[in-house]
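For reference, the chains in residue letters:
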Amino acid sequence: MQQSTDTAHSHGNDRQRNLQSIPKVDECLMALQQDTAESGVPAAVVKAAVREVLAEVRQAILAGREMASDSLRIGELLPRFRARIQHLQRPRLRRIINATGVIVHTNLGRSILPRTAMEAILEAGSRYSNLEFDLETGRRGSRYSLVEDLLCELTGAESALVVNNNAAAVLIVLETLASGREVIVSRGQLVEIGGSFRIPDVMARSGARLVEVGATNRTHLRDYENAITEETGLLLKVHCSNYRIIGFTSEVANEEMVALGRRFGLPVMEDLGSGCFVDLSRFGLMKEPTVQEVVASGVDVVTFSGDKLLGGPQAGIILGSRDLVDRIKKNPLNRALRIDKFTLAGLESILRLYRDPEKVMETIPTLAMIAAPTATVDRRARRLLRRLRKSGHDTCGFTLADTTARVGGGAMPEQNLPSRAVALTPTGLTVNRLEELLRHEEIPVIGRIEDDRFLLDMRTVADDEVVLLADILARVLAAEHG
Ligand SMILES: *Cc1c(COP(=O)(O)O)cnc(C)c1O
């Protein structure tokens, strides 16, 4: 008893002594002065790094974790300060390598843009532009006019407007056409996308009242017709983008909806979600109506995202008849939801690429990844495999694996693309640990774990990333087995 009290007492003394020997912030800053002066790191960052590390040291001592007094010397702490400075200096939004095989991955930035679009964005951002200046008349112009003609030319629509994203597009259309009125939607189309976009919630915000019709799996034209009242403002169709009801189902064709709308003088809107200009069925995907086909079906308003299958920047594209789009343009919400000049520059550049439908499957990365033959993905996977085997890590197995990549992004949900992956089976560490290490790299590598293997799906890895990916893997495996 006596002895254990003594031990506790002496531990308390150690702790006190250790706390007192934590170096002062100013002393640490002095020690770091030379290397920070050379690197040009702002003083505030250095100070923050020192404070954070010292606070951690204090926490460790208080928590009774072993702390040799040597380790509290400034010289010993310097590497930790430097590492923390580096960490704080690193941008939060960073490039990663997407080896998930999900092409339009909302968490990983959806579509990546081709160089031509990025050059247009660079120029729009670093120089003055005619964003809202009409070069013909020398008077104030409209930012929307810059892409409106292109959108109409490509889709056959009468009029077009672009807003911040598709959720905003749905909101402003509903608010303009159906605020205070009823909107009829099929029960099977009340979608939730990524947990944050739910048609019923957006509708509530727009002031429109939702009227659900039909059963989850079947909705007939008469269901819509029976629900039409004096209060009805709009008939809405929502594309089932991230789920599909399979089996005994039926939806009403656009043409029938349009005829019904005309009969009652009601506009018909379709929220297409992903919206694609090219028929992807020739790449083994299911036939989905293209934007042009939806426009041709006669619906009055169509909305879709700019950064899903279109392969452009984040945007919400609204196509429709002139009178309706004019009303939407005049809605004050339009100002709140407007797109910025970078988006416009990127979008215009992407839309111009669609003027050459033969080349677009190569020039737009999102489409190129969908269209890539499995043989191409296979070659890429074999290149990575060869490099990894050459780097000679016998502590990890590398093999080829057949996988299924996905279009993703709430687009074509059950649509799988045959793909090829390099499968890693580490022996010296767990697959979960490997996943974590790769996620913490300077350029993080995101893959997926399946059957106790770490899979790098090569459909979403660019050709010019293979060497980089091999180097990162080699370094991580080498460090772990030191
Ligand atoms: C993705 C999606 C949206 C939301 O589009 P954002 O561009 O992400 O705002 C809305 N409706 C449908 C059907 C979608 O698939």
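Structure: see above.
Here the structure is a predicted model, which is why all the values come from computation and not from measurement.

Sorry if this is basic, but what is going on with the environment of Thr116 here?
Inspection of the secondary structure assignment puts Thr116 in helix H5 (residues 115-126). A C-alpha to C-alpha distance of 8.5 Å links Thr116 and Gly346, two positions 230 residues apart in sequence. What Thr116 contacts, discounting residues up to four positions off in sequence, is Ser349 and Leu353.

How should I be thinking about helix H4 (residues 74-89) in this particular structure?
Every α-helical turn comprises 3.6 residues, leaving residues that sit three or four positions apart pointing alike. Here H4 contains 16 residues, and its C-alpha end-to-end distance of 21 Å stays within 8% of the 22 Å for a straight helix at 1.5 Å per residue. Buried within H4 are the following residues: Ile74, Leu77, Leu78, Phe81, Arg84 and Ile85.

What is the right way to look at the sheet that holds strand S11 (residues 301-305) in this model?
Here we have seven strands laid out as an open sheet, ordered S4-S12-S11-S10-S9-S5-S8, and mixed in their pairing. For this open sheet the edge positions go to strand S4 (159-163) and strand S8 (209-213), each flanked by a neighbour on one side alone. With strand direction ignored, the average angle separating the axes of adjacent strands in the sheet is 25°. In this sheet, S8 lies alongside strand S5 (residues 182-186) in parallel orientation, the contact comprising five bridges. Looking across to S8, one finds that Ile184 is bridged to Val211. Of the strands in this sheet, strand S9 (232-238) and strand S10 (268-273) are in contact with helix H10 (residues 254-264), which crosses S9 at around 175°.

When you look at the packing of aromatic side chains in this model, what are you seeing that I'm missing?
Aromatic ring pairs are defined here through the distance separating the ring centres and the angle between the ring planes. Considering all chains together, one arrives at two aromatic pairs under this definition. Both rings, one in Phe277 and one in Phe304, keep their centres 6.0 Å apart while their planes meet at 75°; by these two values the pair is edge-to-face. In this pair, Phe277 sits in the loop between S10 and helix H11 (291-296) while Phe304 sits in strand S11, placing the two residues 27 residues apart along the sequence. Relative accessible area serves as the criterion here: at 0%, Phe304 is assigned to the buried category. Judged by centre distance (4.9 Å) and plane angle (65°), the ring pair of Phe277 and Tyr354 falls under edge-to-face.

How should I be thinking about a positive patch on the surface in this particular structure?
The grouping of Arg383, Arg386, Arg387 and Lys390 at the surface amounts to a positive patch. Note on placement: Arg383 falls in helix H17 (residues 374-390). The class of Arg383 is partly exposed, set by a relative accessible area of 32%.

Is there a simple way to explain the pairing of strand S17 (residues 453-457) in this structure?
Side chains on a regular strand alternate between the two faces of the sheet. Counted residue by residue, S17 has four buried out of five residues, so it is predominantly covered. Hairpin connection between strand S16 (residues 448-450) and S17: a loop of two residues separates the two successive antiparallel strands, and Asp451 in this loop has a positive phi of roughly 50°.

Looking at this structure, how should I read the layout of surface pockets?
The probe, sized like a water molecule, is rolled over the atoms to show the empty space still left. Computed from the structure, the largest pocket encloses a volume of approximately 1,200 Å³. Surrounding the largest pocket, 38 residues form its lining, Ser111, Ile112, Leu113, Met369 and Glu465 being those nearest its centre. Only strand S1 (97-98), H5, helix H16 (365-371) and H17 provide two or more residues apiece to the lining of the largest pocket. Ranked by the residues each element gives to the lining of the largest pocket, the list is headed by H16, at four residues. In the lining of the largest pocket, the residues fall into 18 nonpolar, ten polar and ten charged.

In this structure, what is going on with the nonpolar core? I would like to understand it.
A general tendency of soluble globular proteins is for nonpolar side chains to be buried together. In this structure, Phe277, Leu280, Phe304, Leu319 and Tyr354 are the most contacted members of the largest nonpolar core, which totals 59 residues. Ignoring any residue separated from it by four or fewer positions in sequence, one finds Tyr354 in contact with Leu154, Phe277, Leu309, Leu310, Val360, Ile364 and Leu367.

Cut-offs applied
Residues numbered from 1 in each chain as written. Predicted model: local features only at pLDDT ≥ 70, side-chain atom pairs only at ≥ 80, totals over all residues. Heavy atoms only, no water. Helix = DSSP H or I, 4+ residues; strand = E, 2+ residues; numbered from the N terminus. Contact = heavy atoms within 4.5 Å. Expected span 1.5 Å × (residues − 1). Buried < 20%, exposed > 50% of the residue type's maximum accessible area, 1.4 Å probe, protein only. Pairing = 2+ DSSP bridges. Axes fitted to C-alpha atoms, helices over the stretch in contact; angles between N-to-C directions. Phe/Tyr/Trp six-rings, centres within 6.5 Å; stacked < 30°, edge-to-face > 60°. Patch = residues over 30% accessible without salt bridge, like charges linked within 9 Å, V, L, I, M, F, W, Y side chains within 5 Å. Areas by Shrake-Rupley, 256 points an atom, 1.4 Å probe, with all protein chains shown as cover. Salt bridge = Lys/Arg side-chain N within 4 Å of Asp/Glu carboxyl O. Lys, Arg positive; Asp, Glu negative; His and termini not counted. Charge placed at Lys NZ, Arg CZ, Asp CG, Glu CD. 1 Å grid on protein atoms, 1.4 Å probe; cavity = no way out; pocket = protein on both sides within 12 Å on 5 of 7 lines; lining within 4 Å. Points joined across faces, edges and corners; volume = space filled by probe spheres on them. Nonpolar A, V, L, I, M, F, W, Y, C, P; charged D, E, K, R; others polar. Core = buried A, V, L, I, M, F, W, Y, C linked by side-chain atoms within 4.5 Å.

Read these as geometric descriptors, not functional statements.
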